[in-house]
Amino acid sequence: MQTQSYLLVGAILFFIGALGVLIRRNPLVIFMSIEMMLNAVNLTLVAYAKHLSSMEGQIFVFFVMTVAAAEVVVGLAIIVSIFRTRENIDVDLLNSMKG
Amino acid sequence: MQNYAWTLLALPMLGFVITGGLGRRLPRTLTGAIGSGVIGVAFLVALAIFLQVRGQTGQHTYNDLHYYNWLDAGSFHVGMNLLVDPLTCVMLLIVTGVGFLIHVYSIGYMAHDANFSRFFSYLNLFIFSMLLLVLADNYLILIIGWGMVGLSSYLLIGFWFDRPSAVAAARKAFVMNVIGDVGMMIAGYMMFVQFGTLGYDGVFSKAQSMKPDSALLNVICLMLLVGAVAKSAQIPLYTWLPDAMEGPTSVSALIHAATMVTAGVYLLARSHVLYLLAPFTLSLVAIIGAVGAIYAASIALVQTDIKRVLAYSTMSQIAYMFLGCGVGAFGAGMFHLMTHAFFKAVLFLGAGSVIHALLNEQDLRKMGGLRDKLPRTYLLMGIGCLAISGIPPLSGFFSKDEILGRVLAAGNWYIILWILGVITAGMTAFYMFRLFFLTFHGRYNGPPDVYELAHEAPNVMVVPVGILGVLSIVGGFVQTPWGWNAFDDFLAPVFSRYPLVHAAKAPLVGNVPALIFIVVVALAGIYVAYVMYGGAERRPYRAPEWLYNLLYNKYYVDEIYDAGIVQPVRATASALYSLVDRSGVDAAVNGVARLVAVVSRGVSPVETGYVRTYALSIFAGIVLVALVPVVFGTLLK
C-alpha cells in the first residue's frame, strides 16, 4: 500500500475532527472530535514511521495516546461539574467570560 | 590643630542632633545646658586654636587642614578641607563666643516657650553652618555653609510658625537669600571655568596672573557681591532684614546682627585678592556701603518698633563694613564686624529683656520711664548705645573711626563717601539715643498693669549681656589710631599672602581733626535726641508730612518690589500653571490614560466568551502559520 493513501486518510480524519470541534455544540461530541484528530495524527505518524523505516514515529504514538487519555479524563470531569451546576452543557451558552 | 579642628563642626552638630532628637524628653535645664554647652566647648576649642595661631608667624599661620577628598570628578577636585588662619580665628571667636552667650541668654528668654528644644536645635544647626562657612578652604564648602545658614535663618525667623507674619517673613528672607546663592553659584562656575579650581589658594594665585581690572574678574566679583549683598542685607536685597525681626530676639541678636549678616563681609575679606584686582567692583562695594549706611539710618530715624530700629541700624553698620572693605581696608571692616557683634548683641539682647519685661510690647511709643524698673538693662543698653554711636573710649569709636579714617585717606571722590559716613554717624547717634530715651526716660506710655509687673530679667539673661557689655567697652583697644595695631598685625599674614595685591596699608596715624569732628557730630546727635526725647515731655521735631511718610514707609521699597517683581512673577507662574501644566502636561498624561481606555473598549468585543469562536481563531492561526512558508517558498522559487 502506498504511504500516500495512509496520509490521505489521516488528513481526511483530521479535517472531519476539526470540523466537529468547530461546529458541534455538545462538549462530549467536541471531545470525540478531538480524539478523532489525535488518532488521525497517530495514523500519520505510523505511516511515516513505516515509510522512513524508523521506530521513532511509533514510539511517539504511545506518547500521544497517553496524553489523549489524560486529557479526556480532565475534560470529562470539567464537563460533569458544569452539568451539575447548570443542567445544560451547550457550549454556546457557556459565555460568562465574555468581554 | 589637625587633630581637633574638626570638633568645631562636630560639637554643634552633636548639639543639634541631641536637642533635636531627644530634647522633648529631657528637662529644660538639661536641653539648654547641652545646647549652650556644646557651643561653650566649641568656644574653648576656638580659643585654643586662636592662641596656637597667634604663636605662629608669617605664612605658618595659614593652616590648611585636609580631611578627605570629597568631590572627584575628572579634573575637578574639592576636598573637605578646613582652613585655619587669622581671619578664620577672628570669625571663630566671634561666632562661638557671642553665640555661646546668646545661647545662655536664650535659656532664660525662651523659658516659657513650648518649643524650647526645637529652638536650641535650630540654633546649634545655625552655629554649625556658620562655622562650616567660616572654616571652608574652598568656595564650594563656603557656598554649602552659605546655603545652610540661609536655611537656619528661615527656620529661626519662622520659629513661631503659627504666626502668618513670621511665616511670610521667613519666606521672604529665604527667597532673597536664594537670589544671593544664585549669584554665588554663578561666581563659582565662572571661577571653575577660569581657574580650574575652587580652592582659595588656587583661585587667588591664578587670579594674580590675569590682567588687572579684567571684565571677567569684575563679573566674578560682582556675582560674589550679589551673594554678599543678599546675605548681609545691603541695597538692593535688604528688605528681608526688618521683617526678620518676627523671630525671637535671641535670633535677631545672633543671626541678624552678630554673625550671619556679617558673612557677606567675611566673604569680601576672604576674597580680598579678587576684589583688589577688580577695582571697579570694589568701588561699587564702597558706594553700596556708604549709600546703604545713610539710607538705613534715615529709615531708622522714624521707626516705632524697637527691633526694627535695631534692624536698620544693623544694616547701616554692616554698610560701614562694606565701605571699609570697599576702600581696601578689609582689616578695618573686620574690626568693625567684631565690635559690632559685641555692641549689637548687647542692644538686641537688652531690647529682648525690655520686651520680655513688658510682656512682648515692642512699640516705642508705649514705652518710657523704665529706668528704675530695669536698672541693669538700662545701664547695659546705655553702654551699647554709646558704643554704636562711636563715643570714645568704647569699642565702636575705634572701629568706626578707623573705617572713616581710611575712607578719607583714599582721597579723590571718596571724600563724598566720607561725608555720607559722617552724616550717618550723627544720625546713628541720634536714632539710638532716641530709642534709648523713649524706652527708659520720661513717662511710661503703656497700660499701667504691665508697668506694675515689669521686672528686671533673670541673671541667666543679664549676665551674658553684661559680658558683652564689658567687651563693647574694652573690645576696641586691640586697634587704636595711636600705634596699638594688634588687630591689623594679627590679620597681616592673611592680607599679605598674595604678593601682587596690597591691601590699604596707609598708617592710620591720621587725621586727628577728622576724628574729633566725627565724635563731635555723634555727641551733637545724642544732644538733639536728649532735647527731643530725654525729658518728661517729648518734643519731637515736626517734619514735613511727605518726608515723614516716606521714611516711615521705608521709601516704599517693599511696595515697589512687590508691584514690580513679586506680582509679575506670581502672574507668570499662574499663567504657566494653567497653560503649560494643566492644559499641557496634565492633558497629555490624562489623554494617554483615556486613549488606553478607548482602545481597550474597542478591542474587547474580541473576547466573545464562546469557546467555538476561540477554537476557530486557533485553527485560522494554524492554517496561516502552515500556509505562509509554503506560499513564500513557492513564490521565492
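Residues numbered from 1 in each chain as written. Chains lettered and ligands numbered in written order. Predicted model: local features only at pLDDT ≥ 70, side-chain atom pairs only at ≥ 80, totals over all residues.

Colleague: Lay out the overall build of chain B with the relevant residues and their values.
Modeller: The helix and strand tally for chain B stands at 25 helices and two strands. For chain B, the C-alpha atoms occupy an extent of roughly 115 × 65 × 55 Å along the three principal directions. Within chain B, the proportion of its 637 residues that are buried is 51%. Of the contacts made within chain B by residues no fewer than 6 positions apart, 81% connect residues no fewer than 24 positions apart. (Helix = DSSP H or I, 4+ residues; strand = E, 2+ residues; numbered from the N terminus. Buried ≥ 20, exposed ≤ 12 C-beta atoms within 10 Å, placed from the backbone. Contact = placed C-beta atoms within 7 Å.)

Colleague: Mind laying out the overall build of chain A, listing which residues take part and the relevant values?
Modeller: A tally of regular secondary structure across chain A gives three helices and zero strands. For chain A, the α and β elements follow one another from N to C terminus as α-α-α. Whereas a compact globule of 99 residues would reach a radius of gyration of roughly 13 Å, chain A reaches 17 Å, over 25% beyond that. Each of the three principal axes of chain A carries a C-alpha extent, and together these read 50 × 25 × 25 Å. Each of the 99 residues in chain A was classed as buried or not, and the buried ones make up 10%. Residue pairs at least 24 apart in sequence account for 45% of intrachain contacts in chain A once pairs closer than 6 positions are excluded. (Rg over C-alpha atoms; globule rule 2.2 N^0.38 Å.)

Colleague: So what about the interface of chain A and chain B? Which residues, and what values?
Modeller: With 11 residues of chain A at the interface, the matching set in chain B holds 10 residues. When its residues are assigned to classes, the side of chain A that touches chain B shows six nonpolar, three polar and two charged. (Nonpolar A, V, L, I, M, F, W, Y, C, P; charged D, E, K, R; others polar.)

Colleague: For the packing of helix H1 (residues 7-21) of chain B against helix H2 (residues 28-54) of chain B, give the residues involved together with the corresponding values.
Modeller: Residue and element names in this part refer to chain B. Two elements in contact, H1 and H2, have axes separated by 9 Å at closest approach and are oriented at 180°. What the angle tells us is that H1 and H2 run roughly antiparallel. Every residue of H2 that contacts H1 at Thr7, Leu8, Leu11, Pro12, Leu14, Gly15, Ile18 and Thr19 is listed here: Thr31, Ile34, Gly35, Val38, Ile39, Val41, Ala42, Val45 and Ala46. A per-class count over the contact of H1 with H2 returns 12 nonpolar, five polar and no charged. (Axes fitted to C-alpha atoms, helices over the stretch in contact; angles between N-to-C directions. Parallel < 35°, antiparallel > 145°, perpendicular 65-115°, else oblique.)

Colleague: Summarise the pairing of strand S2 (residues 76-84) of chain B; cite the residues concerned and give the values.
Modeller: Residues and elements named next belong to chain B. Here nine bridges tie strand S1 (residues 63-73) to S2, and the two strands are oriented antiparallel to one another. The partner of Ala73 across the bridge, within S2, is Phe76. Taking the residues between adjacent antiparallel strands as the criterion, S1 and S2 are bridged by two residues, where Gly74 takes a positive phi near 65°. (Pairing = 2+ DSSP bridges.)

Colleague: So, the environment of Ser472 of chain B: which residues are in play, and what are the values?
Modeller: All names here are of chain B. Mapped onto the elements, Ser472 comes out in helix H20 (residues 459-474). Judged by the 28 C-beta atoms lying within 10 Å of it, Ser472 is buried. In the structure, Ser472 is positioned 93 residues away from Ile565 in sequence and 41 Å away in space, judged by C-alpha atoms. Not counting residues within four places of it along the chain, the set of residues in contact with Ser472 comprises Phe342, Phe343, Val346, Ile383, Gly384, Ala387, Leu394 and Ser395.

Colleague: If you had to explain helix H10 (residues 249-258) of chain B to someone new, which residues and values would you point to?
Modeller: Residues and elements named next belong to chain B. Counting buried positions along H10 gives 10 out of 10 residues, so the element sits mostly inside the fold. All of the buried residues in H10 are Thr249, Ser250, Val251, Ser252, Ala253, Leu254, Ile255, His256, Ala257 and Ala258. Packing partners of the buried residues in H10 comprise helix H3 (86-109), helix H4 (116-135), helix H5 (139-157), helix H9 (240-243), helix H14 (306-326) and helix H15 (330-357).

Colleague: Help me get a handle on the confidence of the model for chain B, residues and values and all.
Modeller: Looking at chain B, pLDDT values average 87 and 97% of them are 70 or higher. On the interface metric, ipTM, the complex scores 0.81, and its pTM is 0.81. (pLDDT = per-residue confidence, 0-100.)

Colleague: Please set out unusual backbone geometry residue by residue, giving values where relevant.
Modeller: All names here are of chain B. Following Ile235, the chain continues to Pro236 via a peptide bond in cis, the omega torsion being 0°. Tracing the sequence through the fold places Pro236 in the loop between helix H8 (215-231) and H9. Along the chain, Pro392 connects to Pro393 via a cis peptide bond; the corresponding omega equals -5°. Here Pro393 is to be found in the loop between helix H16 (375-389) and helix H17 (395-409). For Ala233, which is not glycine, the phi dihedral falls at a positive 55°. Relative to the helices and strands, Ala233 resides in the loop between H8 and H9. Judged by the 28 C-beta atoms lying within 10 Å of it, Ala233 falls in the buried class. Although it is not a glycine, Tyr556 adopts a positive phi angle of roughly 60°. Residue position: Tyr556 is located in the loop between helix H23 (545-552) and helix H24 (557-603). In this structure Tyr556 comes out as exposed when scored by C-beta crowding, with 12 C-beta atoms within 10 Å.

Colleague: Can you explain H5 of chain B? Please cite residues and give values.
Modeller: When the terminal C-alpha atoms of H5 of chain B are compared, their 26 Å separation across 19 residues agrees well with the 27 Å that a helix rising 1.5 Å per residue should span. Burial runs high along H5 of chain B: 14 of the 19 residues are buried. (Expected span 1.5 Å × (residues − 1).)

Colleague: Which residues make up the environment of Cys89 of chain B, and what are the values?
Modeller: All names here are of chain B. Tracing the chain through its elements places Cys89 in helix H3. Expressed as a C-alpha distance, the spacing of Cys89 and Ile220, which sit 131 residues apart in the sequence, is 26 Å. Among residues more than four places away in sequence, those in contact with Cys89 are Ile49, Phe50, Val53 and Val84.

Colleague: Any chance you could break down the nonpolar core for me, citing the residues and the numbers?
Modeller: All names here are of chain B. In terms of nonpolar packing, the biggest core is built from 211 residues, with Leu8, Leu131, Ile157, Leu323, Ala345, Val346 and Val407 touching the most fellow members. Broken down by element, this core gets its largest block of residues, 17 residues, from H15. Excluding residues within four positions of it along the chain, Val407 makes contact with Leu323, Val327, Tyr414, Leu417, Trp418 and Gly421. (Core = buried A, V, L, I, M, F, W, Y, C linked by C-beta atoms within 7 Å.)

Colleague: Break down the packing of H3 of chain B against H4 of chain B for me, citing the residues and quoting the values.
Modeller: Residues and elements named next belong to chain B. Packing of H3 against H4 leaves a shortest axis separation of 10 Å and a crossing angle of 175°. Classified by the angle between their axes, H3 and H4 sit roughly antiparallel to one another. In this structure, H3 contributes Thr88, Met91, Leu92, Val95, Gly99, His103 and Ser106 to the contact, and H4 contributes Phe119, Leu123, Ile127, Met130, Leu131, Val134 and Leu135. Along the lines of polarity and charge, the residues of the contact of H3 with H4 split into 10 nonpolar, four polar and no charged.

Colleague: I'd love a proper account of the environment of Ala410 of chain B, names of residues and values included.
Modeller: Residue and element names in this part refer to chain B. Mapped onto the fold, Ala410 is located in the loop between H17 and helix H18 (414-440). Note on Ala410: 20 C-beta atoms within 10 Å, which makes it buried. Placed 81 residues apart in sequence, Ala410 and Ala329 show a C-alpha to C-alpha distance of 9.9 Å.

Colleague: With reference to specific residues and values, describe the confidence of the model for chain A.
Modeller: On average, residues of chain A carry a pLDDT of 90, and 99% of them reach 70 or more. Mean pLDDT across the secondary structure elements of chain A bottoms out at helix H3 (residues 56-86) of chain A, with 92, and peaks at helix H2 (residues 27-52) of chain A, with 94.

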